[in-house]
Amino acid sequence: MAIDLSKPDLIVAVFGAGTMGRGIAQVSAQAGLTTLLFDSTDGAVKTAIAAIDRGLEGLVAKERMTAAAKQDVLNRLNSINSLDEAKGAGIVIEAIVEDLKVKRELFRELEKRLSADAVLATNTSSLSVTEIAAGCEKPGRVGGLHFFNPPPLMRLVEVIGGLRSDPTVVPALVGFVKRINKHPIVATDTPGFVVNHAGRAYGPEALRIVSQGIASAREVDLLMKEAAGFRMGPFELLDLVGGDVAHAVMVSIFEQYFDDPIYQPSANMAVRVAGGLLGRKSKQGFYSYEKPETSGPATVAVSTQAIPKSVWIADEDGGRDLAQWLSVAGVKSELGGKPASSGPCFVTPLGEDASSACVRLNLEPARTVAVDMFGRFSGRRTLMTTPLTHAETLGAAFAALSDDKTPATVIKDSPGFVVQRMLAMIVNVGTRIAELRIAAPADIDTAVELGLNYPKGPLAFGDALGGAQVLTVLDGIFAITHDPKYRATTWLRRRAKLGISLLAPD
Ligand code: NAI
């Protein structure tokens, strides 16, 4: 069997004219390919083509497309009413209901009608390509083409080979994706492929932080946006995607990896979903979409004190940079040695909570405040208290660190603060995808940048933060919590120890 999707007169048949199918059909027709569109629901294709028409009309109005070019696209889009009419297609892309039985049934029926070298591609997000293919007489011609919503705007397409796919299927699909002006990355047939797997840190870790009472949803969102540079906070994203959809993905990946704790979903999220707090679509999620502004304050109330004249800082990683930050407010710092008998003491732990750092350094917890210096992020600072930190100490520390108008957030004691935990987990899950050989290291980063819109891919993020630093954070959290979800991957540990890039292949 020789698969060839480069023929100039290749015909594409898209099955399912819903959210994804209509977008995929539009992309295909816009790339100059004759495209057939089928749906089992009466009138669905007509509705889809009308929606595509309106979308293209918007481009014409913005002068990003000519009226003639729009007409050409519409002329290449053909509605079909039976499976028989797809017989000339060189590739079928199914975007029908996410149901194994129904997808297998469709492919079995199509197999009987298509030529022997036609490819059957599935847009499934959560099913196994190999399992769908196993229902076919010739599983060799089945592969995965995982588009992202909305297909006309999202450049990434994951290409997945099933275990029994013919060796020519994946290269042919990669060529096809380029032909329709998208960016392909190749992934193995594993739960969530790359993008939905890589996304298992941002939401779940943020949910853990909030459910442990360390910070509010809004505080976490602000820290991730203003300090770590993400475009959307994890709770804004959960509200946008929809709690029900997001929770279902968390549960599906956790179960498919046989309850590996690293992917553990949130029990609190299950209650929110059951209660209908789904986010934008139900007008109430972590934020309210009913009234314009109901979000809480950006940090817990802090009774700001006078800026202290001098403070003590532990002479550890980040200590010198913290002294620099404080000098802007005119605060003199004493770095290391024995603290003076009064005044705030600052610690800058990595992966350790403020209480443990206090005990390790023999400091008075009432006088101690921890500051997150990870990545030296200065768009929003994090101050962390011990359960015994005096309100006056916190107020003085807050005054000193926000004197230059930099916003600051106060959180409860947590190994790894908020940003350290979040970023270390993103890097750890990214290195896990590399370790499981799901995709090439550079492709993991590209997939995350294009599919999740993170400022950097997880491996490049790890390199920018320093592999050894990320490892210290994870080992620190693990040492305190004994929670296996924080165990660092061997991919990360090895590269951190060798001092090489997390993108370095074996
Ligand atoms: P949708 O519900 O918007 O559209 C599905 C369409 O398929 C409906 O119009 C339905 O009438 C039609 N359909 C159902 N059974 C059919 C059959 N046997 N033959 C022909 N048409 C049939 O669903 P959506 O969101 O477009 O998802 C489609 C597929 O794409 C699913 O496998 C989903 O997991 C996957 N996907 C969805 C993404 C999303 O963000 N919505 C992203 C990436 C993949």
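This report concerns the structure included in the present document. (Residues numbered from 1 in each chain as written. Predicted model: local features only at pLDDT ≥ 70, side-chain atom pairs only at ≥ 80, totals over all residues. Heavy atoms only, no water.)

1. Let's talk about empty space enclosed by the protein
- Per the stated rule, a full pass over the model turns up one cavity of 30 Å³ or more.
- Approximately 50 Å³ is the volume attributed to the largest cavity.
- Looking at the largest cavity, the residues that line it are Ala227, Asp372, Phe374, Phe377, Arg380, Arg381, Thr382 and Val419.
- Here the residues of the lining of the largest cavity sort into four nonpolar, one polar and three charged. (1 Å grid on protein atoms, 1.4 Å probe; cavity = no way out; pocket = protein on both sides within 12 Å on 5 of 7 lines; lining within 4 Å. Points joined across faces, edges and corners; volume = space filled by probe spheres on them. Nonpolar A, V, L, I, M, F, W, Y, C, P; charged D, E, K, R; others polar.)

2. Details of the sheet that holds strand S1 (residues 11-15)
- Spatially, S3-S2-S1-S4-S5-S6-S7-S8 is the arrangement adopted by the eight strands of the open sheet, whose pairing is mixed. Two strands close off the open sheet at either side, each with one partner strand: strand S3 (77-79) and strand S8 (183-188). Strand after strand, the sheet turns through a mean of 25° between neighbouring axes, direction not considered.
- In the sheet, strand S6 (residues 142-147) pairs with strand S7 (residues 156-161) via five bridges, with the strands oriented antiparallel. Note on S7: the bridge partner recorded for His146 is Glu158. (Pairing = 2+ DSSP bridges. Helix = DSSP H or I, 4+ residues; strand = E, 2+ residues; numbered from the N terminus. Axes fitted to C-alpha atoms, helices over the stretch in contact; angles between N-to-C directions.)

3. Quick word on the nonpolar core
- Counting 103 residues, the largest nonpolar core has Phe15, Leu110 and Leu423 as the members making the most contacts within it.
- The element contributing the most residues to this core is helix H16 (residues 419-435), with ten residues.
- With residues near it in sequence (within four places) discarded, Leu110 still touches Phe15, Leu83, Ala86, Val92 and Leu120.
- With 40 residues, the next largest nonpolar core counts Val12, Ala17, Val60 and Leu74 among its residues. (Core = buried A, V, L, I, M, F, W, Y, C linked by side-chain atoms within 4.5 Å. Buried < 20%, exposed > 50% of the residue type's maximum accessible area, 1.4 Å probe, protein only. Contact = heavy atoms within 4.5 Å.)

4. Section: the site of the ligand
- Around the ligand sit 20 residues, and of these Met20, Asp39, Thr41, Glu98 and Lys103 come closest.
- Between the ligand and Ser125 there is a distance of 3.4 Å, counted from a nitrogen atom to a side-chain nitrogen or oxygen.
- Isolated, the ligand exposes 840 Å² of accessible area, and the fraction of that covered by the protein chains is 73%.
- Those elements that provide at least two residues to the shell around the ligand are helix H1 (19-30), helix H4 (100-113) and S6.
- Taken together, the residues of the shell around the ligand sort by class into seven nonpolar, ten polar and three charged. (Near = heavy atom within 4 Å. Polar contact = N/O pair within 3.5 Å; in protein donor to acceptor, adjacent residues only side chain to side chain. Areas by Shrake-Rupley, 256 points an atom, 1.4 Å probe, with all protein chains shown as cover.)

5. So, the state of the cysteines
- Within this structure, the stated rule accounts for zero disulfides.
- Not part of a disulfide, Cys345 finds its nearest cysteine sulfur in Cys358, a span of 7.8 Å.
- Classification of Cys345 as buried rests on a relative accessible area of 1%. (Disulfide = S-S within 2.5 Å.)

6. Thoughts on the pattern of salt bridges
- Tallied over the full model, the rule gives 28 salt bridges.
- For Glu352, the salt bridge identified is with Arg360, shortest N-O distance 2.9 Å.
- Across the pair Arg367 and Glu364 runs a salt bridge, and its minimum N-O distance is 3.3 Å.
- We classify Glu364 as partly exposed; its relative accessible area is 43%.
- Here the residues in one salt-bridge network are Asp84, Glu109, Lys112 and Arg113, joined through shared partners. (Salt bridge = Lys/Arg side-chain N within 4 Å of Asp/Glu carboxyl O.)

7. Quick look at the sheet that holds strand S11 (residues 345-347)
- Overall, mixed pairing links the six strands, which are arranged S10-S9-S11-S12-S13-S14 in an open sheet. The sheet terminates laterally at strand S10 (332-335) and strand S14 (408-411), the two strands that pair on one side only. This sheet shows a mean twist of 30° between the axes of neighbouring strands, independent of strand direction.
- Where S11 lies against strand S12 (residues 368-371), three bridges are found, and the strand directions are parallel.

8. A few points about the environment of Gly375
- Summarising the element assignment, Gly375 is placed in the loop between S12 and strand S13 (381-385).
- With a relative accessible area of 39%, Gly375 lands in the partly exposed category.
- Taking the C-alpha atoms as reference points, Gly375 and Ile180, separated by 195 residues in sequence, lie 39 Å from one another.

9. Some details on the layout of surface pockets
- By volume, the largest pocket amounts to about 1400 Å³.
- Forming the walls of the largest pocket are 46 residues, and the residues nearest its centre are Phe148, Asn149, Asn196, Val241 and Val245.
- Elements supplying a minimum of two residues to the lining of the largest pocket: H1, S6, helix H7 (195-198), helix H8 (202-211), helix H10 (234-241), helix H11 (243-256) and helix H17 (441-452).
- Per-element accounting of the lining of the largest pocket gives the leading share, eight residues, to H11.
- Tallied by class, residues from the lining of the largest pocket come to 26 nonpolar, 16 polar and four charged.
- By volume, the second largest pocket amounts to about 330 Å³.
- As for the second largest pocket, its lining consists of 19 residues, and the residues nearest its centre are Gln26, Gly55, Pro150, Pro152 and Leu153.
- Put simply, the parts of the chain that give the lining of the second largest pocket at least two residues each are H1 and helix H2 (44-61).

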